[in-house]
Structure formats: structure tokens, C-alpha cells
Amino acid sequence: MIDSCAYEAKPLLTVAEALARILAALAPIADTETVTLSAALGRVLAHPVTAQTNLPPERNAAMDGYAFAGADVSTDTAVTLQCVGTAWAGRPFQGMLQAGQCVRIFTGAVVPPQADSVVMQEQVRVDGAAVRVPPQPKPGQNVRQAGEDVRLGASLCADHTTLSPADLGLLAAAGVAQVAVVRPLRITFFSTGDELVGLGQALASGQIYDSNRYLLGGLLADPRYQVTDGGVLADDPGQLEAALLKAAATADVLITTGGASVGEADYIRALLAQRGQVAFWKLAMKPGKPLAFGTLAGCHFFGLPGNPLAVMATFRQLVQPGLHQLLGLPYQPPLRLLATCTSLLKKSPGRQEFQCGILSQAADGSLAVASAGLQGSHVLSTLHKANCYIVLPATCQGVQPGEAVWVEPFNVHS
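Residues numbered from 1 in each chain as written. Predicted model: local features only at pLDDT ≥ 70, side-chain atom pairs only at ≥ 80, totals over all residues. Heavy atoms only, no water.

Colleague: Help me get a handle on the overall build of the protein, residues and values and all.
Modeller: The number of helices and strands found in the protein is 7 helices and 26 strands. Here the C-alpha atoms of the protein give a radius of gyration of 31 Å, more than 25% beyond the 22 Å that 2.2 N^0.38 yields for 414 residues. Each principal axis of the C-alpha distribution contributes one length, and for the protein these read about 95 × 50 × 40 Å. Here the protein holds 414 residues, and the buried ones make up 45% of them. Sequence separation of 24 or more characterises 72% of the internal contacts of the protein that already satisfy a separation of 6 or more. Positive and negative charge centroids in the protein, built from 27 and 31 side chains respectively, lie 2 Å apart. (Helix = DSSP H or I, 4+ residues; strand = E, 2+ residues; numbered from the N terminus. Rg over C-alpha atoms; globule rule 2.2 N^0.38 Å. Buried < 20%, exposed > 50% of the residue type's maximum accessible area, 1.4 Å probe, protein only. Contact = heavy atoms within 4.5 Å. Lys, Arg positive; Asp, Glu negative; His and termini not counted. Charge placed at Lys NZ, Arg CZ, Asp CG, Glu CD.)

Colleague: Which residues make up the sheet that holds strand E18 (residues 276–280), and what are the values?
Modeller: Taken in spatial order, the 6 strands of this open sheet run E16-E13-E17-E21-E20-E18, and their pairing is mixed. Of all the strands in the sheet, just strand E16 (225–233) and E18 have a single pairing partner and so form its edges. Neighbour-to-neighbour, the strand axes of the sheet open up by a mean angle of 20°, direction not taken into account. In the sheet, E18 pairs with strand E20 (residues 292–296) via 4 bridges, with the strands oriented antiparallel. The residue of E20 that forms the bridge with glycine 276 is leucine 296. Here helix H1 (residues 15–25) sits on the sheet and contacts E18, E20 and strand E21 (299–304); the angle it forms with E18, its principal contact strand, is near 145°. (Pairing = 2+ DSSP bridges. Axes fitted to C-alpha atoms, helices over the stretch in contact; angles between N-to-C directions.)

Colleague: Break down the packing of helix H3 (residues 212–219) against helix H6 (residues 308–326) for me, citing the residues and quoting the values.
Modeller: The interhelical angle for the contact between H3 and H6, taken along N-to-C directions, is 20°, at an axis separation of 10 Å. On the basis of the axis angle, H3 is roughly parallel to H6. Here H3 runs over H6; the crossing is right-handed. On H6, the residues touching Asn212, Leu215, Leu216 and Leu219 of H3 are Pro308, Val311, Met312 and Phe315. For the contact of H3 with H6, the per-class residue count stands at 7 nonpolar, 1 polar and no charged. (Parallel < 35°, antiparallel > 145°, perpendicular 65-115°, else oblique. Left-handed = near helix turned anticlockwise from the far one by under 90°. Nonpolar A, V, L, I, M, F, W, Y, C, P; charged D, E, K, R; others polar.)

Colleague: Go over the sheet that holds strand E6 (residues 101–105) with me, naming the residues and quoting the values.
Modeller: Strands sit in the order E7-E4-E6-E5-E9-E8 across an open sheet of 6 strands; the sheet is mixed. The sheet is open, and its two edges are formed by strand E7 (117–120) and strand E8 (125–127), each paired on a single side. Pairs of neighbouring strands in the sheet enclose a mean axial angle of 35°, with direction left out of account. Looking at chain direction, strand E4 (residues 65–68) and E7 are connected through 4 bridges and run antiparallel. Within the sheet, the bridge partner assigned to alanine 67 lies in E7 and is valine 118.

Colleague: Give me the lowdown on unusual backbone geometry, citing residues and values where you can.
Modeller: The amide bond that connects leucine 55 to the next residue, proline 56, takes the cis arrangement and shows omega of -10°. Here lysine 286 and proline 287 are connected by a cis peptide whose omega angle stands at -5°. Structurally, the position occupied by proline 287 is in the loop between strand E19 (285–286) and E20. Of note, the phi angle at asparagine 142 is positive, near 65°, even though the residue is not glycine. Following the sequence through the fold, asparagine 142 ends up in the loop between strand E9 (130–133) and strand E10 (143–144). Although it is not a glycine, histidine 160 adopts a positive phi angle of roughly 60°.

Colleague: Go over the packing of aromatic side chains with me, naming the residues and quoting the values.
Modeller: Taken as a whole and assessed by the stated rule, the structure comprises 5 aromatic pairs. Here a set of aromatic residues connected by ring pairs shows up, and it is made of Phe280, Phe293 and Phe302. (Phe/Tyr/Trp six-rings, centres within 6.5 Å; stacked < 30°, edge-to-face > 60°.)

Colleague: Lay out the packing of helix H4 (residues 237–248) against helix H5 (residues 268–275) with the relevant residues and their values.
Modeller: Relative to each other, H4 and H5 sit at 60°, their axes nearing to 11 Å. Relative to H5, the element H4 lies oblique. In this structure, H4 crosses over H5, and the sense of that crossing is right-handed. The residues of H5 that touch H4, namely those facing Leu240, Glu241, Leu244 and Leu245, are Ile268, Leu271 and Arg275. Considering only residue class, the contact of H4 with H5 consists of 5 nonpolar, no polar and 2 charged.

Colleague: Break down H1 for me, citing the residues and quoting the values.
Modeller: By the burial criterion, the buried members of H1 are Val15, Ala18, Leu19, Ile22 and Leu23. Angular distribution of buried residues about the axis of H1 spans 130°; they occupy a single face of the element. Exposed residues on H1 whose side chains face more than 90 degrees from its buried face are Ala16 and Ala24. Considering only its buried residues, H1 is in contact with E18, E19, E20, E21, H6 and strand E23 (352–361). (Arc of directions from axis to C-beta.)

What follows is the structure, given as C-alpha cells:
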């Protein structure tokens, strides 16, 4: 059984202080695995990849036209060249150009060794094999040089890069078929609370449907994570302890929602104190004051608040950077933009607030933000309508319409 804890009054940690403690406490995992390029999207590259060839590997045409030697044309007058063949993409011209000759060439085709320029097909006049080339200002035009994109031996992707579609395209162009990536982070998450009911069941008085597991499950839907939904745990200290210790045996990270406050049925902090370590459990943050961070049986632990808006805010500001730290990703502060606030925002000093807002951009490029609605930490409809946080510092005492505020767009993630 878990006894209740006596809670000492201490100054609340700021969000920045809590984040610094989290990042300092989490060492990146070292395990890797090899995957094919088709399975590598969104994974974290374990080792740098360098080019084993030039990109492009050979000189090629940047457009459809005619390839020729710059010495055979003039910068002042038109010249007629004799077309002696065709260079196709994938089928190079097999002959040798002589003085006064050219070849028909298509985009991506290898430029013959004797040629150094390509003239666009729209700029010439063709009469049989005779090709009338207008004055050419300089040689080398419309030719992609070997290695102009990436030189042999140059870096393609640095280690601890989260591989994007563009990264996969670059690696494929270089002939890379498989890569070593950091293994997925093993995460198990739970909801806690006697009041929670699963979908499809009838609600009795005092009960609510468990929305946090769907919200948190969506936030964890990431190829970098191997996620296990542990379900709902009742407010029973024995059941809570048994379930969390079992999950801690195989997970890198445990995340719970609910049970992290100071109520008589909030057992998370007591469990951490007895079977692990409590690094901190209260923040000067709204929503999200009761957040427990520490370890349980050697497993990293985040005990998030029970209200959904607090789950979202604490995950974005603290949990996600911590998970990235475990994957070896460098910390990147969230993108913040200045916008003109069009709503009256109420706030008391003391805690940094993350209010849900609706960010918009005018035709002239200026940014404006309005409140998304009621800011209670239980109001999911407000979170549904929002596309950003309005970030208000602890010292702020409210915002008048027309004032500039910092906003964090939701759809910008690392």
C-alpha cells in the first residue's frame, strides 16, 4: 500500500527551469537498428551518411535542346551546326562530336565529352540535320555539372537527423538502400481515475469518457516511438503500483494522466517517492501546474495532469522535448511569432500561461491572434478550435486588444 505524503510548500519551478532539469536528467539511448529506406521516414538517423558518388554523377542537360561545343558558335552571329545524333536520358550519344556538329539532347541526358553547352530547343531553327543556333553569350549554359549538387565524400545527412521525405529523396539519389537508425523509444501510457469510462459504455452520475488516452495517443503517434496503451487505472494504490511497475520493466518512458495533484486519491507522487525518485512535481504553468517528473524502478516517468488542455500543454512544452532528448535530438525551442491580439485576455500574475488561440494572416502578411474561447483546462472545444498557443509570461496581468503577443503555432514540430 502507498501512504499519503506530506507536501511542503516550495517555490514553483518555472517552465524553463523544469525543462532544463528534464533535459539534464535524460541520457540518449544508444541502441540502433538497420531499416530499408522505404521504412526510414520519420526515424532518427544513428550515424552520418556521406556521398559515395558525385550528384549528379555525370554532366547532363538541364533542358531539352541541342548540345554543342562553345568554340563552334559565336557570341555575335547565328551559326549553323550539323546534328549527328541524339542523347536520351538513360541512353547517351555513343559517337564523337567533331567541329561544327551537335546532338539532339533531352533533359537529364549525359552531355557528350566534346560538348560543353546546351541551347534550348525553342531558340533554334531546324531544317533536316541543319540546326541554326542563335548567338550564345557564354559557354556552359544549361549543363548540370557532375557533383554540383553533392560532391563525392560530402555529407548527405548528419547523425540524429529525423529523416524527412526530402532526406529520403537525397539518400535514394545517392544509391543508399538502408540506414542505421535509433531504435524506437518504448513508451507506455495510462489514464488514471475512478471517474473514467471507456467509449461505448453508458455514463453513470459522476463519470466521464476517457478522452486523454486518445489525445495522448495522438500526440505519441510518431514512427520514433513504440507506444503501448496501458488503459485506465483506478484510484487504487495497489493496482496503480502493480501496473506501473510491470510496465516499467519493459518501457523506457511511462506517462500517466491524472493522479498527480494533491488530492486524497492522487497517488502518483507517493509511488514515485517510495519506488523511484521525484525530480519535481509542481510548475508555475497554466494549464499544467501538477506535473510529476522522475523515475520509477529505473524507468523515466512523466505524471501529467488529468485535464486535457493541461495534458496537451505539458506534453508540448516538456514531455516532447524530453522524448527528443532520449533520441539524441538537439533541443530546438518552439517557433514563436509576434502577432497582434484582437481579444481581451484575462490573466493573473504568477504563472506562465499557454492560452489557446486562433492565428490568422492578413493579405499584407501581418499576423493576428484571437482567443479560441474559454480557457478552462477541461474545455476541449477550445482546444479543438485553436491552432496556436498565446504565450503569456508569468508577470503578465492581462492583454488588451491591439497589443502584441507571442504565439506558438501548433503545426510546427521537430
